[in-house]
Amino acid sequence: MKRLLLTLLVLISLGLCAVCVVQWQREARLRGHITDLVKRLEAENAARVEAERKAREYEKEIERLTELRAEVEAKLVEVTREYNDLSGDSVARGITIAIYMRELMQTQANFAAAQSALGQGSAVLKDHNAAVTAQNSAIEKQNALLKQLTNERDAAIEKLNARTREFNELVEKYNKLSKGR
C-alpha cells in the first residue's frame, strides 16, 4: 500500500509539474505578447510624434509660401500698373509728336509760300524775311522740342523694356514656385 501511495504521490507531483510547465509556457507567451504590444505602441508613438513634427514643419512651409505668393502677386500688380502707366504715357507722347510734326509741315508750307512771294519785290522781301525768320525760329524750337520728345520717348521705352524684363523674371519665379507646390 505504501508503494501505491508513493506511486500516486509521484504521479500527482508529476501532474503538478506538468501544470506548472504549461502555466509557465502560457505566461512566457503572454509576456512575449505584452512585450510585442509595448514595442508596437512605442513605435506608433514615435511615428505619431514624427508625423506631428512634420505637420508643424509643413505648416510653417505653407505659411512661408503663402507669404511669398502674396509678395509676388503684389509685385505683379505693381509692375502691371507701371506698365499700363508707361504705355499710356508713350501713346500720349506719340500724339504730341504727331501734333508737332503737323505744325512743322504747316510751317514748312508757309515757308515755301514765303519763298515764292520773295520774287515779287524788295518790300515784300523784307516783310517775308521777317516772317521767315519767325518761322525758322519756330521750326528750330519745334525741332528742339521734337528731339527732346524723341529722347523722352526713348527713355520711356527703355524703362518699359526694363519693367517688362522684371515682369518676365517675376512671372518665371512665380511659375517655378507654382510648379514646386
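Throughout what follows, the structure given in this document is the object of discussion. (Residues numbered from 1 in each chain as written. Predicted model: local features only at pLDDT ≥ 70, side-chain atom pairs only at ≥ 80, totals over all residues. Heavy atoms only, no water.)

### Side note on the state of the cysteines
Thinking step 1. With the rule as written, the count across this model stands at zero disulfides.
Thinking step 2. Here cysteine 17 is not disulfide-linked; the sulfur of cysteine 20 is the nearest cysteine sulfur, at 6.3 Å.
Thinking step 3. For cysteine 17, a relative accessible area of 46% gives the class partly exposed. (Disulfide = S-S within 2.5 Å. Buried < 20%, exposed > 50% of the residue type's maximum accessible area, 1.4 Å probe, protein only.)

### Remarks on a nonpolar patch on the surface
Thinking step 1. Judged by side-chain polarity, Met1, Leu5, Leu8, Ile12 and Leu16 come together as a nonpolar surface patch covering roughly 560 Å² of accessible area.
Thinking step 2. Structurally, leucine 16 can be placed in helix H1 (residues 2-118). (Patch = residues over 30% accessible without salt bridge, like charges linked within 9 Å, V, L, I, M, F, W, Y side chains within 5 Å. Areas by Shrake-Rupley, 256 points an atom, 1.4 Å probe, with all protein chains shown as cover. Salt bridge = Lys/Arg side-chain N within 4 Å of Asp/Glu carboxyl O. Helix = DSSP H or I, 4+ residues; strand = E, 2+ residues; numbered from the N terminus.)

### Looking at the pattern of salt bridges
Thinking step 1. Under the defined criterion, the tally for this structure stands at nine salt bridges.
Thinking step 2. A salt bridge links arginine 48 to glutamate 52, with the nearest nitrogen and oxygen atoms 3.1 Å apart. Placement of both arginine 48 and glutamate 52 in helix H1 is noted, with a separation of four residues, approximately one turn of the helix.
Thinking step 3. For arginine 48, a relative accessible area of 44% translates into the label partly exposed.
Thinking step 4. Here arginine 64 and glutamate 61 are joined by a salt bridge, their closest N and O atoms 2.6 Å apart. Of the two residues, arginine 64 and glutamate 61 are both situated in helix H1; the distance of three residues between them amounts to about one turn of the helix.
Thinking step 5. What makes glutamate 61 partly exposed here is its relative accessible area of 34%.
Thinking step 6. Look at the salt bridges and you will find they share partners, linking Glu50, Arg53 and Glu57 into a network.

### Quick notes on a negative patch on the surface
Thinking step 1. On the surface, Glu59, Glu63, Glu67 and Glu71 cluster together to form a negatively charged patch.
Thinking step 2. Residue placement: glutamate 63 occurs in helix H1. (Lys, Arg positive; Asp, Glu negative; His and termini not counted. Charge placed at Lys NZ, Arg CZ, Asp CG, Glu CD.)

### Quick notes on the side chain of threonine 107
Thinking step 1. The topology assignment puts threonine 107 in helix H1.
Thinking step 2. Under the relative-accessibility criterion, threonine 107 is labelled buried at 10%.
Thinking step 3. Excluding its chain neighbours within four sequence positions, the residues that come into contact with threonine 107 are Gln135, Ile139 and Gln142. (Contact = heavy atoms within 4.5 Å.)

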